[in-house]
Amino acid sequence: MDALPADFYARPVLDVARDLIGCTVEHGDAGGVIVETEAYHDSEPACHAFVGVTPRTRTLFGPPGRAYVYRSYGIHVLLNAVCEPEGVGAGVLIRALAPSFGLDAMYARRQLRGAGAVRERDLCSGPGKLTQALGVSLRENGCSLARGPVRIGPRQGDWLEPRVVLGTRIGISRAVDLPWRFCAADSPYVSRPRPQLARGRGQAPTPVAR
DNA sequence: CATGGGATTGACT
DNA sequence: GTCAATCCCATGC
């Protein structure tokens with residue numbers, strides 16, 4: 001797989017979050033297509049980097065194109081792509097994948113810990129689920145997303161021009177109104193709640209201009 | 001050094 | 001809908 005170069009990430013984090021929809025993430029024997037992302041930037045308080053440079057946020061302020069991996073709620077591992085020029089603390093949280101290959105290994109790793117019967121659409125439908133399925137750990141923090149072990153490649157095939165809808169970010173308590181969550185429209189692999197179509201007569205999905 | 005709070009998930013009522 | 005699990009780290013004394 002060709003991997004995206006570092007300068008892909010050295011751009012405004014909202015652009016990168018949108019453009020990562022449809023790209024491929026792989027780690028070892030498994031991989032999938034990104035169908036959901038969220039953008040975080042040190043200018044807003046939901047971002048870890050809001051507090052400035054600390055041991056935890058050092059990666060976020062570092063060069064773009066690296067993985068920022070951290071533990072959430074003591075249990076889950078979350079994967080981000082560091083964005084914007086070095087010195088800016090910004091990243092894109094990878095929230096869900098459509099599994100592409102290595103599904104057997106993903107089922108095995110997901111069922112290993114706690115999860116009961118796992119359906120394919122739930123293999124990677126959440127930021128903690130996908131790292132567990134791919135076998136990503138905290139050791140990958142700071143690694144290059146071009147050189148691996150976790151790598152991200154460009155859109156291919158049916159994913160060259162995905163329809164993208166946006167909504168507000170999930171699971172945060174500050175800056176809750178920013179519409180910085182990006183999802184592939186109509187993908188069954190997106191985590192809940194789905195952002196687009198409110199129930200009943202919802203407003204139409206908001207396509208992202210580009 | 002002690003404390004508190006999560007960018008979540010799965011099980012359960 | 002509710003809730004606990006569990007670890008890293010930021011903060012305050």
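Looking at the overall build of chain A
1) Next: Regarding its fold elements, chain A presents 5 helices and 8 strands.
2) Next: Scanning chain A from its N terminus toward the C terminus, one meets helices and strands in the order α-α-β-β-α-β-β-β-α-α-β-β-β.
3) Next: Considering only C-alpha atoms, chain A reaches an extent of 40 × 40 × 35 Å along its principal axes.
4) Next: Residues counted as buried form 50% of the 210 residues belonging to chain A.
5) Next: Residue pairs in contact within chain A that sit at least 24 positions apart in sequence constitute 62% of those at least 6 positions apart.
6) Next: Carbon and sulfur atoms make up 52% of the accessible area of chain A, which totals about 10200 Å².

Regarding the environment of glutamate 86
1) Next: Along the chain, glutamate 86 falls in the loop between β4 (76–82) and β5 (90–101).
2) Next: For the pair glutamate 86 and aspartate 122, spaced 36 residues apart in sequence, the C-alpha to C-alpha distance is 35 Å.
3) Next: Once you skip the residues sitting within four places of it in the chain, glutamate 86 turns out to touch Phe61, Gly62, Pro63 and Pro64.

Let's talk about the pairing of β4
1) Next: Taken across its 7 residues, β4 has 6 buried, putting it largely inside the fold.
2) Next: With 6 bridges connecting them, strand β3 (residues 67–72) and β4 associate as antiparallel partners. Of the residues in β4, the one forming a bridge with valine 69 is leucine 79.
3) Next: Counted along the chain from β3 to the antiparallel partner β4, the turn is 3 residues long, and its residue tyrosine 73 has a positive phi close to 55°.
4) Next: Inspection of the sheet shows β4 paired to β5 by 3 bridges, in the antiparallel sense. Residue asparagine 80 lies in a different strand from β5, and its bridge partner there is leucine 93.

Some remarks on the protein's contact with DNA strand C
1) Next: In the vicinity of DNA strand C, the contacting residues are Val51, Thr54, Pro55, Arg56, Arg71, Tyr73, Gly74 and Ile75.
2) Next: When atoms of DNA strand C within 4 Å of the protein are split into backbone and base, the sugar-phosphate part holds 62%.
3) Next: Here a phosphate oxygen of DNA strand C sits 2.5 Å away from a polar atom, N or O, in the side chain of threonine 54.
4) Next: Arginine 56 is positioned with one of its backbone polar atoms (N or O) 3.1 Å from a phosphate oxygen of DNA strand C.
5) Next: Of the residues contributing to the surface near DNA strand C, the split by class is 4 nonpolar, 2 polar and 2 charged.

A look at the pattern of salt bridges
1) Next: A full pass over the atoms with the stated rule returns 9 salt bridges.
2) Next: In this structure, the salt-bridge partner of arginine 11 is aspartate 19, at a minimum N-O distance of 3.0 Å.
3) Next: Look at arginine 11 and you get partly exposed, because its relative accessible area is 24%.
4) Next: For aspartate 19, a relative accessible area of 7% gives the class buried.
5) Next: What you see here is one network of salt bridges that share partners, running through Arg11, Asp15, Arg18 and Asp19.

What counts and what doesn't
- Residues numbered from 1 in each chain as written.
- Chains lettered and ligands numbered in written order.
- Predicted model: local features only at pLDDT ≥ 70, side-chain atom pairs only at ≥ 80, totals over all residues.
- Heavy atoms only, no water.
- Helix = DSSP H or I, 4+ residues; strand = E, 2+ residues; numbered from the N terminus.
- Buried < 20%, exposed > 50% of the residue type's maximum accessible area, 1.4 Å probe, protein only.
- Contact = heavy atoms within 4.5 Å.
- Areas by Shrake-Rupley, 256 points an atom, 1.4 Å probe, with all protein chains shown as cover.
- Pairing = 2+ DSSP bridges.
- Near = heavy atom within 4 Å.
- Polar contact = N/O pair within 3.5 Å; in protein donor to acceptor, adjacent residues only side chain to side chain.
- Nonpolar A, V, L, I, M, F, W, Y, C, P; charged D, E, K, R; others polar.
- Salt bridge = Lys/Arg side-chain N within 4 Å of Asp/Glu carboxyl O.

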